[in-house]
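Summary of structural features
Residue-level listing of the chains:
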Protein chains: 2
Amino acid sequence: MAPAHPTPYVRPMKIAIASDHAGFALKGELVGWLLELGHEVTDLGTDSTASVDYPDFGHALAEHVAAGKAERGIVVCGTGVGISIAVNRNPVVRCALVTEPVSARLAREHNDANVLALGARVVGPELARGCVEAFLATPFGGERHKRRVEKLSKTSQDA
Amino acid sequence: MAPAHPTPYVRPMKIAIASDHAGFALKGELVGWLLELGHEVTDLGTDSTASVDYPDFGHALAEHVAAGKAERGIVVCGTGVGISIAVNRNPVVRCALVTEPVSARLAREHNDANVLALGARVVGPELARGCVEAFLATPFGGERHKRRVEKLSKTSQDA
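This text gives an overview of the structure that appears in the document. (Residues numbered from 1 in each chain as written. Chains lettered and ligands numbered in written order. Predicted model: local features only at pLDDT ≥ 70, side-chain atom pairs only at ≥ 80, totals over all residues.)

In this section: the overall build of chain A. If you tally the helices and strands in chain A, you get six helices and five strands. Here the C-alpha coordinates of chain A stretch approximately 45 × 35 × 25 Å along the principal axes. Taking all 159 residues of chain A together, the buried fraction comes to 51%. (Helix = DSSP H or I, 4+ residues; strand = E, 2+ residues; numbered from the N terminus. Buried ≥ 20, exposed ≤ 12 C-beta atoms within 10 Å, placed from the backbone.)

Now the structure itself:
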């Protein structure tokens, strides 16, 4: 992916990434670009365009992030819907499905999202990159949003 | 909201709806329109633009749908991110955050989504209505997607 604009500096992070077959190509493009930017990337698969089940990859990524093995995660499926639901089953992970960078920024500022979900059939590679940039570059807004974010670690069953 | 195009017929359903303060105005517009279409709508709040916590409303809606009190749910916050995460903490509910009708349709066909999340700061009222129409009108695609949807009822902890 040739850069359409200069990429803002983001400190190197440990980033985990996972997709199903529909997200395989976009995942590959994002991995190459994140490595060029100096991030440490763990690719949890899938490893081809052969049909797989998105929940398996969403659950694996959520566990990886929840275990502290990566600071941020990125997941990709056709629309991002299925894999984002799977990731959000883990109550200590907060996965934001976005289609544009403004929501990626707000998901960091307001929701302290630590996983970003993208739909490879919905957003093209350059727009996906803009979403990832905003997701990596934006800090959590802190105090004003903290109580709400803490409530996301309670399931509706405990509430 | 004046119709921009004819609304396709959708059989009347029990629909629950909830939002935080940022989604209050869009929720009101959607409730009025859904009632005109003949749906039975349960509005779980919030009831004003006074600041509230989106997880409270997401959890309440998820419990309502999980208990079988509504066939479908709709949730609205600023971006849709926070409230969709809250809803998806409930393992028997599948909440799709969308910004356009194609993803709303695919979320029904592929993921059997029973809750739709919208961001009132991201999509305008007509686009939101298009998303809701696709969400209500599209049946689940069935067999080909069933195994994956069943896996969404397992949390990553059980997996």
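A common way to express how large an interface is: the accessible area buried when the components associate. At the interface, 37 residues of chain B touch 37 residues of chain A. Of all the secondary structure elements, the ones that give two or more residues to the side of chain B that touches chain A are α2 (54-66), α3 (81-88), β4 (95-97), α4 (101-111) and α6 (143-151) of chain B. Here the side of chain B that touches chain A gets six residues from one element, more than from any other, and that element is α2 of chain B. The residue inventory of the side of chain B that touches chain A, partitioned by class, reads 16 nonpolar, 13 polar and eight charged. (Contact = placed C-beta atoms within 7 Å. Nonpolar A, V, L, I, M, F, W, Y, C, P; charged D, E, K, R; others polar.)

Here the focus is helix α2 (residues 54-66) of chain A. The end-to-end C-alpha distance of α2 of chain A, which contains 13 residues, comes to 18 Å, matching closely the 18 Å that a straight helix rising 1.5 Å per residue would cover. For α2 of chain A, the tally of buried residues reaches ten of 13 residues, placing the bulk of the element in the interior. Taken residue by residue, α2 of chain A has Y54, P55, D56, F57, G58, H59, L61, A62, H64 and V65 of chain A as its buried positions. Of the surrounding elements, those touching the buried residues of α2 of chain A are β1 (14-19), β3 (72-77), α3 (81-88) and β5 (115-119) of chain A together with α6 of chain B. Following α2 of chain A by one or two positions, G68 of chain A adopts a phi angle in the positive range, close to 80 degrees. (Expected span 1.5 Å × (residues − 1).)

To continue, consider the relation of the copies chain B and chain A. When chain B is fitted to chain A, the residual RMSD is 0.0 Å, and the transformation amounts to a turn of 180 degrees plus an axial shift of 0.0 Å. Taken together, the rotation angle and the small translation identify this as a two-fold axis. Interface residue correspondence from chain B to chain A reaches 100%, placing this contact among same-surface, isologous pairings. (Least-squares fit on C-alpha atoms with pLDDT ≥ 70 in both.)

On to the sheet that holds β3 of chain A. All names here are of chain A. The parallel open sheet is built from five strands, whose spatial order is β2-β1-β3-β5-β4. In this open sheet, the two edge strands, each paired with only one partner strand, are β2 (40-43) and β4 (95-97). Each strand axis lies, on average, 20 degrees off the axis of its neighbour in the sheet, ignoring direction. For β1 and β3, the ladder comprises five bridges, and the chain directions are parallel. (Pairing = 2+ DSSP bridges. Axes fitted to C-alpha atoms, helices over the stretch in contact; angles between N-to-C directions.)

Moving on: helix α1 (residues 24-36) of chain B. Residues and elements named next belong to chain B. With 13 residues, α1 should reach 18 Å at 1.5 Å per residue; the first-to-last C-alpha distance of 19 Å fits that figure. Taken residue by residue, α1 has L26, K27, L30 and L34 as its buried positions. An end-on view of α1 places all buried positions within 100 degrees of arc, on one side of the element. Exposed and facing more than 90 degrees away from the buried side of α1 are G32 and E36. (Arc of directions from axis to C-beta.)

Right, let's get into the sheet that holds strand β1 (residues 14-19) of chain B. Where strands meet in a sheet, backbone hydrogen bonds hold them as pairs that are either parallel or antiparallel. All names here are of chain B. Strand order across the open sheet formed by five strands is β2-β1-β3-β5-β4, with parallel pairing between neighbours. Strand pairing shows two members of the sheet lacking a second neighbour, β2 (40-43) and β4, which therefore form its edges. Across the sheet, the mean angle from the axis of one strand to that of its neighbour is 20 degrees, orientation sign disregarded. Pairing of strand β3 (residues 72-77) with strand β5 (residues 115-119), which is carried by five bridges, proceeds in the parallel orientation. Residue pairing across strands places G73 opposite V115, the latter belonging to β5.

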